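Descriptive structure summary
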Amino acid sequence: MKDHIVQAGDPVLRGIATPVAKKDIGSPRITKIIARMKKALAKETFGVAIAAPQIGESLRIFVVSGRVFIEESADDEEDVPTPPDRVFINPTLSRLSRKKAEMSEGCLSVRGKYGTVLRHEKAGIKALDEAGNKIAYQGSGLIGHIFQHECDHLDGILYIDKVVQLEEDEDMQSAREKLKEKHGL
Ligand code: ZN
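Residues numbered from 1 in each chain as written. Predicted model: local features only at pLDDT ≥ 70, side-chain atom pairs only at ≥ 80, totals over all residues. Heavy atoms only, no water.

**A short note on the sheet that holds strand E3 (residues 86-94)**
The five strands lie next to each other as E1-E2-E3-E6-E7, forming an open sheet whose pairing is antiparallel. Both edges of this open sheet fall to strand E1 (49-51) and strand E7 (134-140), since each of them pairs with a single strand only. Taking the axes of each pair of neighbouring strands and ignoring which way they run, one obtains an average angle of 40° across the sheet. Where E3 meets strand E6 (residues 122-128), four bridges bridge the pair, whose relative direction is antiparallel. When the sheet's bridge partners are listed, Ile-89 is paired in E6 with Leu-128. This element, helix H1 (residues 28-42), spans E1, strand E2 (61-64) and E3 of the sheet and lies at about 40° to E2. This element, helix H3 (residues 141-154), spans E1, E2, E3, E6 and E7 of the sheet and lies at about 120° to E7. (Pairing = 2+ DSSP bridges. Helix = DSSP H or I, 4+ residues; strand = E, 2+ residues; numbered from the N terminus. Axes fitted to C-alpha atoms, helices over the stretch in contact; angles between N-to-C directions. Contact = heavy atoms within 4.5 Å.)

**Structural notes on the nonpolar core**
Grouped together as the largest cluster of nonpolar side chains are 19 residues, with contacts concentrated most on Met-37, Ile-50, Ile-61 and Ile-89. Elements with a contribution of two residues or more to this core: H1, E2 and E3. Top contributing element to this core by residue count: H1, with six residues. (Core = buried A, V, L, I, M, F, W, Y, C linked by side-chain atoms within 4.5 Å. Buried < 20%, exposed > 50% of the residue type's maximum accessible area, 1.4 Å probe, protein only.)

**Re the packing of aromatic side chains**
Considering all chains together, one arrives at five aromatic pairs under this definition. Seen in terms of ring centroids, Phe-62 and Phe-147 are 6.3 Å apart; in terms of plane orientation they differ by 45°. Their pairing is tilted. On the criterion of sequence distance, the pair formed by Phe-62 in strand E2 and Phe-147 in helix H3 is long-range, its members being 85 residues apart. Phe-147 shares its class with Phe-62; the two are buried. Between the aromatic rings of Phe-69 and Tyr-137, the centroid separation amounts to 5.6 Å while the plane-to-plane angle is 75°, which identifies the pairing as edge-to-face. Linking Phe-69 in helix H2 (residues 66-73) with Tyr-137 in strand E7, this pair joins segments that are 68 residues apart in sequence. (Phe/Tyr/Trp six-rings, centres within 6.5 Å; stacked < 30°, edge-to-face > 60°.)

**Observations concerning the pairing of strand E4 (residues 100-107)**
For a regular strand, side-chain orientation follows a simple rule: the groups alternate between the two sheet faces. In this structure, E4 lies alongside strand E5 (residues 110-120), joined through seven bridges in antiparallel fashion. Along E5, the bridge assignment pairs Ala-101 with Arg-119. If you look at the hairpin formed by E4 and E5, you'll find two residues sitting between the two strands.

**A closer look at the side chain of Ser-97**
Position of Ser-97 among the secondary structure elements: in the loop between E3 and E4. Given the relative accessible area of 16%, Ser-97 is considered buried. Among the polar contacts listed, one links the side chain of Ser-97 to the backbone oxygen of Lys-99, at a separation of 2.9 Å. Contacts of Ser-97, omitting those with residues within four sequence positions, involve His-120, Glu-121 and Lys-122. (Polar contact = N/O pair within 3.5 Å; in protein donor to acceptor, adjacent residues only side chain to side chain.)

**Points about the environment of Leu-108**
For Leu-108, the location among the structural elements is in the loop between E4 and E5. Leaving out residues up to four positions away in the same chain, Leu-108 has contacts with Ile-5, Gln-7, Leu-41, Glu-44, Gly-47, Ala-49 and Gln-54.

Function cannot be read off these values alone, since they describe shape.
The structure is reproduced here in structure tokens:
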């Protein structure tokens with residue numbers, strides 16, 4: 001299975017991922033890896049983001065599902081089209097709020113669990129997009145949370161390393177419901 005999501009215990013999740021050379025952005029190899037990431041994420045009903053090591057590629061890339069951005073902006077419009085997934089290459093966190101908050105999170109590489117993690121309330125990100133353009137994005141709530149979780153993946157860190165409370169959850173749907181409650185999505 002080429003597009004399966006690597007599970008905790010696999011060493012690829014514990015390595016420091018390699019930056020993508022600027023000249024390689026847009027190359028068939030990197031384009032294919034990003035396509036595999038998007039495909040793997042699309043299969044996960046409650047998945048919001050995925051990092052390259054989670055498909056076995058130790059590269060500094062993560063993808064955030066367009067679904068996240070629709071939830072952020074949709075107040076009354078039911079039929080807004082889903083925005084495209086966003087790709088972040090060689091990301092660095094910036095403008096982390098001093099204030100931290102406990103949030104509930106899960107991970108596609110840690111099936112059947114969710115936990116409470118203390119993270120910065122707000123986090124900015126600087127990265128390159130799929131075309132190699134510089135992008136910057138300021139995230140609060142779920143998005144800021146995702147940026148921190150995904151950057152951790154690129155440094156070999158899993159949320160279970162930081163968790164203050166870990167719980168079993170057979171059904172990722174209920175973890176997702178809890179996220180919604182926490183973040184009002
Ligand atoms: Zn994860």
